[in-house]
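Next come the chains, spelled out residue by residue.
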2 protein chains.
Amino acid sequence: MKYTAIGMSGTGDHAASSVPEMPVKREVAMTESTTVVEHLLECIASGDAEQAVTLYDTYSPHPADWAEYVEPMGVDALAQYIELVGASHALPFFEFVSFELQKEVLLRLSRETLADLVSQMSPDDRADLLDDMEDALQERILSLLIRAERQNIIKLINYDEDSAGGYMTTDYALIRFDDTVSAALEQLRLQAPKKETIYYIYVVDKALRLIGFVSLRELIMAPRYKLVRDVMSKSVISVRVNEDIEEVAKKMQHYDFLAIPVVSEDERLVGIITFDDIYDVIQEETAEDMYLLANLDADESLNSPVGRSVKMRAPWLLVNLCTALFVAYTVDLFSDSISQFVALAALMPIVAMLGGNAGNQSLTVVVRALALGEVPLRDNWRVLLKEAGVGFVNGMLIGGVMGAIAWAWYDNVWLGLIILVAMSVNLVVAGFFGSLIPVTLRKLKLDPALGSSILVTTATDVGGFLIFLGLATIFLQQLLGG
Amino acid sequence: MKYTAIGMSGTGDHAASSVPEMPVKREVAMTESTTVVEHLLECIASGDAEQAVTLYDTYSPHPADWAEYVEPMGVDALAQYIELVGASHALPFFEFVSFELQKEVLLRLSRETLADLVSQMSPDDRADLLDDMEDALQERILSLLIRAERQNIIKLINYDEDSAGGYMTTDYALIRFDDTVSAALEQLRLQAPKKETIYYIYVVDKALRLIGFVSLRELIMAPRYKLVRDVMSKSVISVRVNEDIEEVAKKMQHYDFLAIPVVSEDERLVGIITFDDIYDVIQEETAEDMYLLANLDADESLNSPVGRSVKMRAPWLLVNLCTALFVAYTVDLFSDSISQFVALAALMPIVAMLGGNAGNQSLTVVVRALALGEVPLRDNWRVLLKEAGVGFVNGMLIGGVMGAIAWAWYDNVWLGLIILVAMSVNLVVAGFFGSLIPVTLRKLKLDPALGSSILVTTATDVGGFLIFLGLATIFLQQLLGG
């Protein structure tokens, strides 16, 4: 019942707004979702709006859960369902429906429902959604909305989607600096249903410049007769509208903020960003490094069509092909030795594989530390030294084991010694290049993870083959003598 | 001045408590931090507590920033500083000082300051800190605290550090269900300075069982004369005290919660977890996958000593050595062909390297999708099909380019054809195993990223060599004929 009421007031929100604040138990068990969908389909078939609404109220689920139940209905049924119960009722859970599905559903709604639904969405979610649509559909939706809303949306769409502007909402609570605490609390009571958060409240002057900040906690604690300007904190940490969202996330994480105000170049308050938007940014930031380390485009996902995946991965593979040719050229230099002692061909992948693995271990540790800001520039050489050191010890260890195996396998002590030395040196190469490459990329103001795994693997392949086959060539007589 | 006052009341908090809610501008510029430290050192030398406090008040910085400025002072000076100004003043920024440094500083404090400081810390941060200390020191600190506090701390320490219990705080706001809204707001006013958050308020019965929930927003909106029990939501989404923290984070992200209540097995409310604790969990969750994909232990960091890094990485390298031997064995099967046509040895690393790269691309996309819960179990085969498809198209493309190069390089059309086919097939192998392995690991209820990159690389190495050298052996006469 509660949700419906809140939905009616048109403030449901993907973010930390009024709707998700009501943590109700998952009363609809997962196994029941089929039944729920079946019931809903019946309501749609019979056009029984009342019963559809009652169904929702009976379960009174969290909108996020309801979205999960109705998603399997498919685009058409979902659009019919929304058409049946109306935008106000549908809004709370519609904002939790997956982005792709949202777009498809909008295409199938009537003009009225579409306008209703979109105008009631929270400004930031709406802008994200429209941003991702083709221009014609975007225009169609914009034309349905009233003029003031339209301006607001166009403004939000036009911010870079990776900037603070692209993430902020314009639904922030505002109070007057010359109000009493008591009057301010009354103001907030009125604003509460319509704002993304009322827990952090910003104070602006007549030119809309941000001049103060007060938390609802502080307002509650303050004596009722005091003036807002005497209770508020006068210097506020804010971010610029064009600031990179990853920087914004770092700031919010650093200060443990629930929200942060966004200001324009001339210090005017233009929006706020709330903690729940940052949940995703924090996750994506780390995921981006993970993707770059695997030579993937950050935009790819498992749901990308084959053609798109091919297009995004192929360039990296072509780069790798170039470096692989360099590796092949290195091996080619030692063809004579290989043809005289063919065991070299069998053992050389071991040197390369272990080197690549150790190199990627170093690379990943260093990329992670750089992302967390743990490495001051002046400490670069210490990083190299540490990783090379780890490589040396592990190289002796793994090389020792492999040397013994090679000795036993081919009954050739020289072969064992050569592979021991080659692997030890190659794991030092791995540690060295595994840290040198990301650190250098950072110095060049590039992303430390960009293409680095290809470079590291090339270094360990070329290094490994050069040392292993080089030593084998020098000691070829001893090798052949057994 | 504000911060000091709040600090005095002993509620400074690492988390979203009263302190970080006051976003003040970084008035102390980074370049000034040396001067700040110098000033402080002078105060310590002259024992001038008043001036040290004044210095802080003059800048009135955010405690997180102040912590950054004073950290370079070093352990001893920092301990002396805290001793000088007292625990209440130091607490707000001390809770932002890095964990390692905190522990060192505590060792150097007097009994009184130590007891003062630790007793004023927020329960969850304190438990984390003590948890990480050696038993003797832990006992020493516990013995300094009063009995009631002691019980509380021991309880928190004993929860698994990756469970909800390990992350929760016991400082949550509580109201009576038979109070009026007006009385409840007055209650919150009194509780506000001492609680981690007063924005989500939980309602319990006499047996401390969680029976309801209300947000401060709803309280503010509700008519003052109403009873809490009529305003509150009666079914609350909560987590169990022993629930894995990653699951808790997923839940909070799913519902966009600011906080979530933690209950014991018998449904009693024992604590809450707030959004700022989850910031870190979300980040670590993704970073863990990234680490596992590079065969690293989640506990390692760049700051781990060489010995520890060696110990954590060596087991993975040994596992890889075993699989590498298998790869070597595959190559060994074709020694005759290689010794007769040694170009095979030079080209085979190309087949392996590109296969490994493409395999890791598939692997990373699938691991990420699994982590985000994007792959229902029944869709496993579609994942395999998609990735194999991408592998096929990219294989034809890259194989085509490489085939042409090989043809031109060795002036041998057969060699070009063989490498084209080998690379195409091997990139299908890469896509197939790159998705099969994580999906299978999940079915076995293991982490999809665990050891998977070693398995995928082994599959693409063995697969690549088998196909390339196998084809070369079949068509050896044609190859030798040119």
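Residues numbered from 1 in each chain as written. Chains lettered and ligands numbered in written order. Predicted model: local features only at pLDDT ≥ 70, side-chain atom pairs only at ≥ 80, totals over all residues. Heavy atoms only, no water.

- An unreviewed UniProt entry lists chain A under the name Magnesium transporter MgtE, from Desulfohalobium retbaense.
- Of the comments in the UniProt record for chain A, the one headed Sequence similarities (unreviewed entry) reads "Belongs to the SLC41A transporter family."
- Comment text from UniProt for chain A, heading Subunit (unreviewed entry), reads "Homodimer." (UniProt positions renumbered as here; feature names shortened; annotations may be inferred.)

1. Considerations on the pattern of salt bridges
No. 1: Applying the stated criterion across every chain, the model contains 22 salt bridges over all chains.
No. 2: The salt bridge partner of R313(A) is E300(A), with a shortest N-O separation of 2.8 Å. Separated by 13 residues along the polypeptide, R313(A) in helix α18 (residues 306–332) and E300(A) in the loop between α17 (275–293) and α18 bring together distant segments of the chain. Here the two residues R313(A) and E300(A) agree in accessibility, since each one is buried.
No. 3: A salt bridge links R240(B) to E267(B), with the shortest nitrogen-to-oxygen separation between them at 3.2 Å. Of the two residues, R240(B) is situated in strand β4 (residues 239–240) and E267(B) in the loop between β5 (259–263) and β6 (269–274); the sequence distance between them amounts to 27 residues.
No. 4: By relative accessible area, E267(B) is classed as partly exposed at 29%.
No. 5: A cluster of three or more residues bridged by salt bridges with shared partners is formed by D76(A), E104(A) and R108(A). (Salt bridge = Lys/Arg side-chain N within 4 Å of Asp/Glu carboxyl O. Helix = DSSP H or I, 4+ residues; strand = E, 2+ residues; numbered from the N terminus. Buried < 20%, exposed > 50% of the residue type's maximum accessible area, 1.4 Å probe, protein only.)

2. Overview of the pairing of strand β2 (residues 197–204) of chain A
Residue and element names in this part refer to chain A.
No. 1: Of all 8 residues in β2, 8 are buried; the element is thus mostly enclosed.
No. 2: Both strand β1 (residues 172–175) and β2 contribute to a ladder of 3 bridges, which runs parallel. The residue bridging Y172 from the neighbouring strand is T197, located in β2.
No. 3: For the crossover that starts at β1, traverses helix α13 (residues 181–191) and ends in the parallel β2, the hand is right-handed.
No. 4: Inspection of the sheet shows β2 paired to strand β3 (residues 210–215) by 5 bridges, in the antiparallel sense. Bridge pairing in β3 places Y202 opposite F213. (Pairing = 2+ DSSP bridges. Right-handed = clockwise from strand over helix to strand, strands pointing away.)

3. A few points about the side chain of N412(B)
Residue and element names in this part refer to chain B.
No. 1: Of note, N412 is situated in the loop between α21 (380–410) and α22 (413–443).
No. 2: Taking the relative accessible area as the measure of exposure, N412 reaches 4% and is therefore buried.
No. 3: Within polar-contact distance, the side chain of N412 engages the backbone nitrogen of W414 at 3.1 Å.
No. 4: A polar side-chain atom of N412 sits 2.9 Å from the main-chain carbonyl oxygen of L479. (Polar contact = N/O pair within 3.5 Å; in protein donor to acceptor, adjacent residues only side chain to side chain.)

4. Considerations on the sheet that holds strand β3 (residues 210–215) of chain B
What holds strands together in a sheet is hydrogen bonding between their backbones, with the strands either parallel or antiparallel.
Residues and elements named next belong to chain B.
No. 1: With mixed pairing, the 3 strands of this open sheet are ordered in space as β1-β2-β3. Each of the sheet's edge strands pairs with one partner strand only, and the pair in question is β1 (172–175) and β3. Averaged over all pairs of adjacent strands, the angle between their axes in this sheet comes to 40°, without regard to strand direction. (Axes fitted to C-alpha atoms, helices over the stretch in contact; angles between N-to-C directions.)

5. Examining the sheet that holds β5(B)
No. 1: Read from one edge of the open sheet, 3 strands run β4-β5-β6 (chain B), paired in mixed fashion. The strands lining the two open edges of the sheet, one partner per strand, are β4 and β6 of chain B.

6. Description of the packing of aromatic side chains
All names here are of chain B.
No. 1: Counted according to the given criterion, the structure contains 27 aromatic pairs over all chains.
No. 2: Taking the centre distance of 5.4 Å and the plane angle of 25° together, the rings of W414 and F475 count as stacked. On the criterion of sequence distance, the pair formed by W414 in helix α22 and F475 in the loop between α23 (452–474) and α24 (476–481) is long-range, its members being 61 residues apart.
No. 3: Accessibility expressed as a relative area gives 27% for F475, which makes it partly exposed. (Phe/Tyr/Trp six-rings, centres within 6.5 Å; stacked < 30°, edge-to-face > 60°.)

7. A look at the UniProt feature "transmembrane region" (unreviewed entry) in chain A
Residue and element names in this part refer to chain A.
No. 1: As annotated in UniProt, the feature "transmembrane region" (unreviewed entry) corresponds to residues 314–331, 337–355, 388–410, 416–441 and 453–476 in the numbering used here.
No. 2: Between the C-alpha atoms that bound residues 337–355 the distance is 22 Å, and the span itself is 89% helix and 0% strand.
No. 3: Segment residues 416–441 splits into 100% helix and 0% strand. End C-alpha atoms: 37 Å apart.

8. Section: unusual backbone geometry
No. 1: Even without being glycine, E267(A) reaches a positive phi, approximately 70°.
No. 2: Residue K445(B) is not a glycine yet carries a positive backbone phi of 60°.
No. 3: Looking at the secondary structure, you find K445(B) in the loop between α22 and α23.

9. Let's talk about the packing of helix α6 (residues 87–94) of chain B against helix α8 (residues 111–120) of chain B
All names here are of chain B.
No. 1: For the pair α6 and α8, the least separation of the axes is 9 Å and the interaxial angle reads 50°. As the angle between them shows, α6 and α8 are arranged oblique. Viewed along their axes, α6 and α8 form a crossing whose handedness is right-handed. Of the residues in α8, those touching α6 at A87, S88, L91 and F94 are T113, D116, L117 and Q120.
No. 2: For the contact of α6 with α8, the residue count by class is 4 nonpolar, 3 polar and 1 charged. (Parallel < 35°, antiparallel > 145°, perpendicular 65-115°, else oblique. Left-handed = near helix turned anticlockwise from the far one by under 90°. Contact = heavy atoms within 4.5 Å. Nonpolar A, V, L, I, M, F, W, Y, C, P; charged D, E, K, R; others polar.)

10. Some words on the relation of the copies chain A and chain B
No. 1: When chain A is fitted to chain B, the best match, at an RMSD of 0.4 Å, comes from turning it 180° and sliding it 0.2 Å along the axis. Such a turn and shift between the copies fits a two-fold axis. Of the C-alpha atoms belonging to chain A, the one lying closest to the rotation axis is found on S339(A), 1.9 Å away.
No. 2: A shared binding surface is used by both copies, with 99% of the interface residues of chain A retained as interface residues in chain B. (Least-squares fit on C-alpha atoms with pLDDT ≥ 70 in both.)

11. Considering the interface of chain A and chain B
No. 1: Listed per partner, the contact involves 139 residues of chain A and 138 residues of chain B.
No. 2: Buried surface at the junction of chain A and chain B, both sides included, amounts to about 11600 Å², of which 66% is carbon and sulfur.
No. 3: When the buried surface of chain A facing chain B is broken down by residue, R217(A), Y279(A) and L302(A) rank first, second and third, together holding 8% of it.
No. 4: Applying the counting criterion to the chain A and chain B interface returns 2 salt bridges.
No. 5: Note that R313(B) is salt-bridged to E387(A), the shortest N-O span being 2.8 Å.
No. 6: In this structure, the connection of chain A to chain B is made through 29 residue pairs in polar contact (both at pLDDT 80 or more).
No. 7: Of the residues belonging to the side of chain A that touches chain B, the class tally is 83 nonpolar, 30 polar and 26 charged. (Buried area = accessible area lost by both parts, 1.4 Å probe.)

12. So, the nonpolar core
No. 1: By size, the foremost hydrophobic cluster in this structure holds 194 residues, and its most contacted members are Y81(A), L216(A), I273(A), W66(B), Y81(B), L216(B) and I273(B).
No. 2: The residues contacting I273(B), other than those within four sequence positions of it, are A164(B), Y167(B), M168(B), I245(B), V248(B), M252(B), L258(B), A259(B), I260(B), V262(B) and I278(B).
No. 3: Ranked by size, the runner-up nonpolar core spans 80 residues in total, among them A324(A), L347(A), A358(A) and I338(B). (Core = buried A, V, L, I, M, F, W, Y, C linked by side-chain atoms within 4.5 Å.)

13. Some remarks on a negative patch on the surface
Residues and elements named next belong to chain A.
No. 1: A cluster of acidic residues, D128, D131, D160, E161, D162, D244, E247, D280, E284 and D299, forms a negative patch on the protein surface.
No. 2: When residues of the negative patch are traced back to their parent elements, those giving at least two are α9 (123–131) and α17.
No. 3: As for its placement among the helices and strands, E161 is situated in the loop between α11 (147–157) and α12 (164–167). (Patch = residues over 30% accessible without salt bridge, like charges linked within 9 Å, V, L, I, M, F, W, Y side chains within 5 Å. Areas by Shrake-Rupley, 256 points an atom, 1.4 Å probe, with all protein chains shown as cover. Lys, Arg positive; Asp, Glu negative; His and termini not counted. Charge placed at Lys NZ, Arg CZ, Asp CG, Glu CD.)

14. Let's talk about helix α5 (residues 75–85) of chain A
Three or four residues apart is the spacing at which side chains of an α-helix point the same way, because the helix has 3.6 residues per turn.
No. 1: Looking at α5(A), one finds that the buried residues are V75(A), A77(A), L78(A), A79(A), Y81(A), I82(A) and V85(A).
No. 2: Directly after α5(A), the chain includes G86(A), whose backbone phi takes a positive value near 95°.

15. Section: the pairing of β6(B)
All names here are of chain B.
No. 1: β6 sits mainly inside the fold: 6 of its 6 residues count as buried.
No. 2: In terms of strand pairing, β5 meets β6 through 5 bridges, oriented antiparallel. Directly across from A259, in β6, lies its bridge partner T274.

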